[in-house]
Amino acid sequence: MAKLNFGGVEETVVTRREFPLEKAREVLKDETIAVLGYGVQGPGQSLNLRDNGFNVIVGQRPGRTFDKAVADGWVPGETLFSIEEAARRATIVMCLLSDAAVLSVWPVIKPHLTAGKALYFSHGFAIAWPDRTGVVPPADIDVIMVAPKGSGASLRSMFLEHRGVNSSYAVEQDATGRALDRTLALGIGIGSGYLFETTFRREAVSDLTGERGSLMGAIQGLFLAQYEVLREHGHTPSEAFNETVEELTQSLMPLFAQKGMDWMYANCSTTAQRGALDWMGPFHDAVKPVMERLYKSVECGHEAQLSIDSNSQPDYREKLEAELKAMRESEMWQAGATVRCLRPEND
């Protein structure tokens, strides 16, 4: 493990130098890894593990995702099984189902979590709030987590580009004395760029806060507010979208992703620099109370309960599609669709 300075705070991280792929293969050479769920994280993690030479099977219910698994080369009866059968065959059960699905299939999975096995998650949700989820693993198994800080699609595409998504890791329960080695080996096996330590609780709270905050919820709210103000003051849809979204995603984000926000500021006009520095404070002061309210809602379990209640409804998918359809058909994102078509690479 390596100790690195993160903004003045020293943290321990694990990279492929300290824990190479060859070591990961040695740690897991006698394991059968079952990836349960082939939705968001399942494809990326299972395919990366398979390509890296691990013994992997997939558990998935019949339907479109089962057919997708077949299309990706998983063979029914050989490497593709029902969720229950995959859990029975595995020594490491990677539970990559949605949070709502974990709750519904937990009674099917639990009987197959026999002594010495490992139960793996990529999100702390189910374990962080057991009073709400009912997920309480047996005491004689390892309970571990590797949580990529990106989508399953990104995990796979970056793996194919010989890059990697950074991941957090945690050991909640070490019944075998091998839980940490199993965790790190899986983290390297799925293609993590580097691994940093957390707990199930911390991961769940930070993840839910991030999704509702700057990663998804807040950024859509910010985009929409600026777009609406520009439109209400007479700017055209194309101008409003370009000044709100397109310039950020296509020009500015790559700059601060590469070298930091200060470097991006330094490479913009002096007018932009001055305005950004002057208005950074008011935006911070306006948004921080909302972020604090959001964090408290997550930490107390309220957001988890909202997710459980909503995602467990039989018409959840229909309601979700209606909400996404409304976003997709809004003027801002319809303007965005036209703007994307006009990018030179799409000509």
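Here goes a summary of the coordinates provided. Keep in mind that this is a model prediction, so the values were computed, not measured. (Residues numbered from 1 in each chain as written. Predicted model: local features only at pLDDT ≥ 70, side-chain atom pairs only at ≥ 80, totals over all residues. Heavy atoms only, no water.)

**Quick look at the layout of surface pockets**
- The computed volume of the second largest pocket comes to approximately 180 Å³.
- What lines the second largest pocket is Arg16, Pro20, Leu21, Asn52, Phe159, His162, Arg163, Ile188 and Gly191.
- Tallied by class, the residues present in the lining of the second largest pocket amount to four nonpolar, three polar and two charged. (1 Å grid on protein atoms, 1.4 Å probe; cavity = no way out; pocket = protein on both sides within 12 Å on 5 of 7 lines; lining within 4 Å. Points joined across faces, edges and corners; volume = space filled by probe spheres on them. Nonpolar A, V, L, I, M, F, W, Y, C, P; charged D, E, K, R; others polar.)

**What about the nonpolar core?**
- Grouped together as the largest cluster of nonpolar side chains are 39 residues, with contacts concentrated most on Leu36, Leu97, Ile109, Phe121 and Trp129.
- Sort the elements by how many residues they give to this core and helix α5 (residues 99-109) lands first, with six residues.
- In this structure Leu97 touches Leu36, Gly37, Arg61, Ile83, Val102, Val105 and Ile109, once residues within four positions along its chain are discounted.
- Formed by 34 residues, the second largest nonpolar core is a distinct cluster that contains Tyr120, Val165, Ala179 and Leu195. (Core = buried A, V, L, I, M, F, W, Y, C linked by side-chain atoms within 4.5 Å. Buried < 20%, exposed > 50% of the residue type's maximum accessible area, 1.4 Å probe, protein only. Helix = DSSP H or I, 4+ residues; strand = E, 2+ residues; numbered from the N terminus. Contact = heavy atoms within 4.5 Å.)

**Some details on the pattern of salt bridges**
- Scanning all chains against the criterion turns up 18 salt bridges.
- Here Arg212 makes a salt bridge to Glu303, at a shortest N to O gap of 2.8 Å. Residue Arg212 is located in helix α10 (residues 200-212), and its partner Glu303 is located in helix α15 (residues 302-311); the two are separated by 91 residues in the primary sequence.
- A relative accessible area of 27% places Arg212 in the partly exposed class.
- A relative accessible area of 15% means that Glu303 is categorised as buried.
- The salt bridge involving Glu321 is made with Arg328; its shortest N-O contact spans 2.9 Å.
- Through salt bridges with shared partners, one network takes in Glu31, Asp142, Arg178 and Arg182. (Salt bridge = Lys/Arg side-chain N within 4 Å of Asp/Glu carboxyl O.)

**Topic: the packing of helix α11 (residues 217-232) against helix α12 (residues 237-259)**
- α12 packs onto α11 with a crossing angle of 150 degrees between their chain directions and a minimal axis gap of 8 Å. Comparing their axes, α12 and α11 come out roughly antiparallel. Read as a crossing pair, α11 and α12 show a hand that is right-handed. Mapping the contact onto sequence places Phe223, Gln226, Tyr227, Leu230 and Arg231 in α11 and Pro237, Ala240, Phe241, Glu243, Thr244, Val245 and Leu248 in α12.
- Per-class residue counts for the contact of α11 with α12 are eight nonpolar, two polar and two charged. (Axes fitted to C-alpha atoms, helices over the stretch in contact; angles between N-to-C directions. Parallel < 35°, antiparallel > 145°, perpendicular 65-115°, else oblique. Left-handed = near helix turned anticlockwise from the far one by under 90°.)

**Structural notes on unusual backbone geometry**
- Here the phi dihedral of His162 falls at roughly 60 degrees; this positive angle occurs in a residue that is not glycine.
- Exposure remark for His162: the relative accessible area of 74% places this residue in the exposed category.

**Quick notes on the sheet that holds strand β2 (residues 9-14)**
- Read from one edge of the open sheet, 10 strands run β1-β2-β10-β9-β8-β7-β6-β3-β4-β5, paired in mixed fashion. Where the open sheet ends on each side, the last strands, each with one partner, are β1 (2-6) and β5 (80-81).
- Both strand β9 (residues 167-173) and strand β10 (residues 195-197) contribute to a ladder of three bridges, which runs parallel. If you follow Tyr169 over to β10, its bridge partner there is Glu197. (Pairing = 2+ DSSP bridges.)

**A short note on the pairing of β1**
- Of the pairings in the sheet, the one linking β1 to β2 comprises five bridges and is antiparallel in character. By the bridge assignment for β2, Asn5 is matched with Glu10.

**Comments concerning the environment of Glu31**
- Relative to the assigned elements, Glu31 resides in the loop between α1 (21-27) and β3 (33-36).
- C-alpha of Glu31 to C-alpha of Thr270: the two residues are 239 residues apart in sequence and 58 Å apart in space.
- Apart from the residues lying within four places of it in its own chain, the contact partners of Glu31 are Asn55, Thr91, Ile92, Arg178 and Arg182.

**Some remarks on helix α2 (residues 42-51)**
- Burial within α2 is extensive, with eight of its 10 residues counted as buried.
- Those residues of α2 lying buried are Gly42, Pro43, Gly44, Gln45, Ser46, Leu47, Asn48 and Leu49.
- Once α2 finishes, Gly53 follows within two positions and takes phi at roughly 95 degrees, a positive value.

**As for the packing of aromatic side chains**
- Within this structure, the stated rule accounts for five aromatic pairs.
- When the centroid spacing of 6.2 Å and the interplanar angle of 85 degrees are considered together, the rings of Phe121 and Phe200 count as edge-to-face. With Phe121 in strand β7 (residues 118-121) and Phe200 in helix α10, this residue pair connects regions lying 79 residues apart in the sequence. Side by side, Phe121 and Phe200 carry an identical accessibility label, which is buried.
- Each ring, one from Phe241 and one from Trp333, has its centre 5.5 Å from the other, and the planes form 80 degrees; the classification is edge-to-face. With Phe241 in helix α12 and Trp333 in helix α17 (residues 331-341), this residue pair connects regions lying 92 residues apart in the sequence.
- Judged by relative accessible area, which is 1%, Phe241 ranks as buried.
- Stacked on the ring of Trp74, the Lys or Arg Arg50 has its end atom at 4.4 Å from the ring centre. (Phe/Tyr/Trp six-rings, centres within 6.5 Å; stacked < 30°, edge-to-face > 60°. Lys NZ or Arg CZ within 6 Å of the ring centre and 35° of its normal.)

**Side note on the side chain of Arg343**
- Of note, Arg343 is situated in the segment after α17.
- In contact with Arg343, not counting residues within four places along its chain, are Glu246 and Gln250.

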